[in-house]
Amino acid sequence: MRLRDKTILITAAGQGIGRASALACAREGAKVIATDLNGSLLESLATESGNLVTHVLDVRDGAQVKQLAASVPVLDGLFNCAGYVHHGSVLDCDEADWDFSFDVNVKGAYRLIRSFLPGMLDRVATTGGSASIVNMASMASSIKGFPNRFAYGASKAAVIGMSKAIAADYAKLGLRCNALCPGTVDTPSLRQRIAAAADPLQAEKDFIARQPVGRLATVDDIAPQVVYLLSDESRFVTGQAVLVDGGVTI
Ligand code: NAD
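Remember, predicted model here, so these are calculated numbers, not experimental data.

So, how was this worked out
Residues numbered from 1 in each chain as written. Predicted model: local features only at pLDDT ≥ 70, side-chain atom pairs only at ≥ 80, totals over all residues. Heavy atoms only, no water. Helix = DSSP H or I, 4+ residues; strand = E, 2+ residues; numbered from the N terminus. Rg over C-alpha atoms; globule rule 2.2 N^0.38 Å. Buried < 20%, exposed > 50% of the residue type's maximum accessible area, 1.4 Å probe, protein only. Contact = heavy atoms within 4.5 Å. Areas by Shrake-Rupley, 256 points an atom, 1.4 Å probe, with all protein chains shown as cover. Core = buried A, V, L, I, M, F, W, Y, C linked by side-chain atoms within 4.5 Å. Expected span 1.5 Å × (residues − 1). Arc of directions from axis to C-beta. Axes fitted to C-alpha atoms, helices over the stretch in contact; angles between N-to-C directions. Parallel < 35°, antiparallel > 145°, perpendicular 65-115°, else oblique. Nonpolar A, V, L, I, M, F, W, Y, C, P; charged D, E, K, R; others polar.

(A) Here's a closer look at the overall build of the protein. The helix and strand inventory of the protein stands at eight helices and seven strands. At 17 Å, the protein has a C-alpha radius of gyration in line with the 18 Å of a compact globule built from 250 residues. If you line up the protein on its principal axes, its C-alpha atoms span 55 × 40 × 35 Å. Burial analysis of the protein (250 residues in total) assigns 49% to the buried set. In the protein, once contacts between residues fewer than 6 apart in sequence are set aside, the share between residues at least 24 apart is 69%. Carbon and sulfur atoms form 54% of the exposed surface of the protein, whose accessible area is close to 11600 Å².

Next comes the structure, spelled out in structure tokens:
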């Protein structure tokens, strides 16, 4: 059990990578606090593991985040998974689009970290243990540019910068922080993006073609990386943009 006795909170755990990660962490012995904006997605998740409790949480709502931090146990691990994909170039992105992308993708993680970090640091200081934060970025970020990922790429680049800054501030205190950068993963929202394309069949082929391994990632290709980064196995890994991209950046 790689996460035995650890308490881990995950945002956007209702579906996709967040859900698979919540279940993987619970299987590895963690007490998982699984949160999502959408309460109905959480209902079915809660029945899948005895190691898991659920809370509705919108990462855009600062008051809700603070309230949750005051009501749940101190964390050993935090996975900020919530994110939003804006489709389009700079000319398709008005200020409201820009603000929304940054509010969910960057400020959402910032809110969680501001609220939960003090408790995590206190716990590490008193027990001599360690704590880990994983922030969801993407290969579409400062790592690589893609067409029609203007606000998304900019906001995920900010997530990488934020993760490195936190890693630098707290490395000596036993808290690690890394950014996870997946390639294209087959999740409900990816299926929506494919369905919304002018030619969905071609859109799916194009997503697959850009990954040298010849297929989309599944959520179960990504969740083990989350477990690793939250576990003590990665105790010497901090401030990294960890790519799991099927070879796109070869
Ligand atoms: P998804 O987009 O299919 O599901 C997103 C989940 O987030 C939903 O359960 C939704 O209810 C929840 N959510 C949306 N807004 C929220 C908010 N404001 N507060 C809390 N929860 C909210 O999931 P996914 O595709 O697995 O994406 C998860 C993360 O992984 C995102 O940050 C995404 O940018 C990132 N990512 C995805 C891919 C991919 O190809 N799918 C690739 C790289 C990175």
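(B) Here's a closer look at the nonpolar core. Counting residues in hydrophobic clusters, the biggest one holds 34 residues, and the most contacted among them are Cys25, Val32, Phe79 and Leu180. At the level of elements, β1 (7-10), α1 (16-27), β2 (31-36), α2 (39-46), β5 (131-136), α8 (219-230) and β7 (241-244) are the ones that each hand at least two residues to this core. Setting aside its immediate chain neighbours within four residues, Phe79 contacts Leu9, Ile10, Thr11, Ile17, Ser21, Val134, Met136, Val226 and Leu230. If you look at the next biggest cluster of nonpolar residues, it comprises 33 residues, including Ile33, Leu78, Ala131 and Ile133.

(C) Quick look at α8. Between its terminal C-alpha atoms α8 stretches 17 Å, which fits the 16 Å expected from 12 residues at 1.5 Å a residue. Among the residues of α8, Val219, Ile222, Ala223, Val226, Val227, Leu229 and Leu230 are the ones counted as buried. Viewed along the axis of α8, the buried residues span an arc of 165 degrees, placing them on a single side of the element. Lining the buried residues of α8 we find β1, α1, β4 (77-80), β5, β6 (175-182) and β7.

(D) Structural view of the packing of helix α6 (residues 188-195) against helix α7 (residues 200-209). Across the interface, α6 lies against α7 with an axial gap of 8 Å and an inter-helix angle of 130 degrees. Comparing the axis directions of α6 and α7 gives the class oblique. Residues Leu190, Arg191, Ile194 and Ala195 of α6 form the contact with α7, whose participating residues are Pro200, Ala203, Glu204 and Phe207. A per-class count over the contact of α6 with α7 returns six nonpolar, no polar and two charged.

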